[in-house]
Amino acid sequence: MNLNTIHNIYFVGIGGIGMSAIARYFKANGKNVAGYDKTQTEITDALVGLGIAVHFEDSVANVGMRFLNPETTLVVYTPAIPKDHKELAYFENNRYTVLKRSEILGIITKNTFCLAVAGTHGKTTTTSILGHLLYESNVPLTAFLGGISENYNSNLIQNGTEVSVVEADEFDRSFLTLSPDLACITSMDADHLDIYGDASELTKTFEDFSKKLKPNGKLFIKNGLPIEGITYGIEDNSDYTAQNITIQNGAYVFDVKTPKTVLKQVQFNLPGRHNLSNALIALAMAVEYGVPNQQLVEALATYKGVKRRFTYQIKSDDLVYIDDYAHHPEEINAVHQAVREMYPEDKVLAIFQPHLFSRTRDFAEGFAESLAQFDEIALLDIYPARELPIEGVTSQWLLQQINNPKKTRIEKAEILPTIKQSNARIILTIGAGDIGAEVKQIKQELLNEN
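What counts and what doesn't
Residues numbered from 1 in each chain as written. Predicted model: local features only at pLDDT ≥ 70, side-chain atom pairs only at ≥ 80, totals over all residues. Heavy atoms only, no water. Helix = DSSP H or I, 4+ residues; strand = E, 2+ residues; numbered from the N terminus. Contact = heavy atoms within 4.5 Å. Polar contact = N/O pair within 3.5 Å; in protein donor to acceptor, adjacent residues only side chain to side chain. Disulfide = S-S within 2.5 Å. Buried < 20%, exposed > 50% of the residue type's maximum accessible area, 1.4 Å probe, protein only. Core = buried A, V, L, I, M, F, W, Y, C linked by side-chain atoms within 4.5 Å. Pairing = 2+ DSSP bridges. Axes fitted to C-alpha atoms, helices over the stretch in contact; angles between N-to-C directions.

**Here we look at the environment of His 327**
Here is step 1: Residue position: His 327 is located in the loop between β17 (320-324) and α10 (329-342).
Here is step 2: Considered as a pair, His 327 and Gln 353 are 26 residues apart in the sequence and their alpha carbons are 8.1 Å apart.
Here is step 3: With residues up to four places along the chain from it excluded, the contact list for His 327 reads His 355, Arg 359, Phe 367 and Ala 432.
Here is step 4: A distance of 3.1 Å separates the side chain of His 327 from the backbone oxygen of Tyr 325, its partner in a polar contact.

Structure representation (structure tokens):
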């Protein structure tokens, strides 16, 4: 497909974090862009602020005349859109070119030098670190992020088109549309079993992805994963490894051993060994791309993070409030490790909203174990996203499996009272559902109290 002949691009599900990055990209490159989403959010408000028309009622009448010509309009949709969606059905039945988000990403990146980040955890943070390192080193790139970068207040980083940095998403096997020059796999824990059926099928799909590299492409693998590649790890014998790790003024300071040299006194400001691992692989990919070491060390020290990835909302002597997107047991374990490393003596209250009935069912034991580590736990109802309820799978059912007496199930309206009744100094809100929409009010109320 020649995108130069396409003038209008319409997005079905434009408010999704991955979709909105592509919408921003096309708008910045002179295309007419519009779209539908189910819910008005900060993301859709930001798109409207860029001059992109967004509506929230599924009706062809709202599409706009400019986008009703199949010869000049490309339609992009997210797999999260239900099959009975009226607008999508209209486009599919009227000779429009209709592509999944992953397919258009494959087309955009095909003729670029593509760096792709895959893995069941760590994609967004790693991609945003890598995009930041290259941008600060004046590499002409476009980076598509699965979260809002704190440095750029956007999920798109762009100062050119020669290089692309993308999240290679395993959901719905989306990453198989990519042909990267450099790629990494950060993790392969079982997830999306509603799509894959079992963990072995997920592993096979990662193996398929590893074969999608361009000729002479390089693959980086977290040490211990069952795929061959350039290895990276923390304090081990990997090709790229972080060594001599200390915490100074709340930041990691460490050395990076590469196959050719050692980068000394590297500083990274995000807490948690999982984030340190993400920083390491981003550095490794940037080194292999050819960025000078000293530029990378200076750039990493200025990285601020991704919104809703261990994001400090309040940080005072009396109270610390952190918000995180974690929605898998291993991600919750990573949050727990980070908070214990930073605040080993303090009581921690974790408020968690499970995401998807199927994920809650498939990983109930893991969720119960990871959540039990906190001093106090409050569970919200399961956020369904694209799913219908599964009989017997509820937050109350999950709560019963958590081996910790300091546990409760709450409604959203009870979040603030629960926090105020607790004497925990560290407050966490965790989850990938609409708990994120509560953060602003929680923060304001807590600031008013203190």
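**Some words on the state of the cysteines**
Here is step 1: For the structure shown, the criterion picks out zero disulfides.
Here is step 2: Of all cysteine sulfurs in the structure, the one in Cys 184 sits closest to Cys 114, which takes part in no disulfide; the separation is 11 Å.
Here is step 3: According to the relative accessible area criterion, Cys 184 is buried, its value standing at 0%.

**Quick word on the nonpolar core**
Here is step 1: If you look at the biggest cluster of nonpolar residues, it comprises 45 residues, and the most contacted ones within it are Leu 134 and Phe 254.
Here is step 2: Broken down by element, this core gets its largest block of residues, ten residues, from helix α8 (residues 273-289).
Here is step 3: Each residue touching Leu 134, except ones within four places of it in the same chain, is listed here: Leu 115, Val 139, Leu 141, Val 163, Val 165, Ala 286, Tyr 289 and Val 291.
Here is step 4: Ranked by size, the runner-up nonpolar core spans 40 residues in total, among them Val 76, Ile 104, Ile 108 and Phe 206.

**Things to note about the sheet that holds strand β2 (residues 32-36)**
Here is step 1: Read from one edge of the open sheet, five strands run β3-β2-β1-β4-β5, paired in parallel fashion. Of all strands in the sheet, those with a lone pairing partner are β3 (53-55) and β5 (97-100), marking the two edges. Each strand axis lies, on average, 20° off the axis of its neighbour in the sheet, ignoring direction.
Here is step 2: Relative to β2, strand β1 (residues 8-12) is paired through five bridges, and the arrangement is parallel. Its bridge partner lying in β2, Ile 9 is registered against Val 33.
Here is step 3: Strand contacts of helix α4 (residues 101-109): β4 (73-77) and β5, with the helix running at about 95° to β5, the strand carrying the most contacts.

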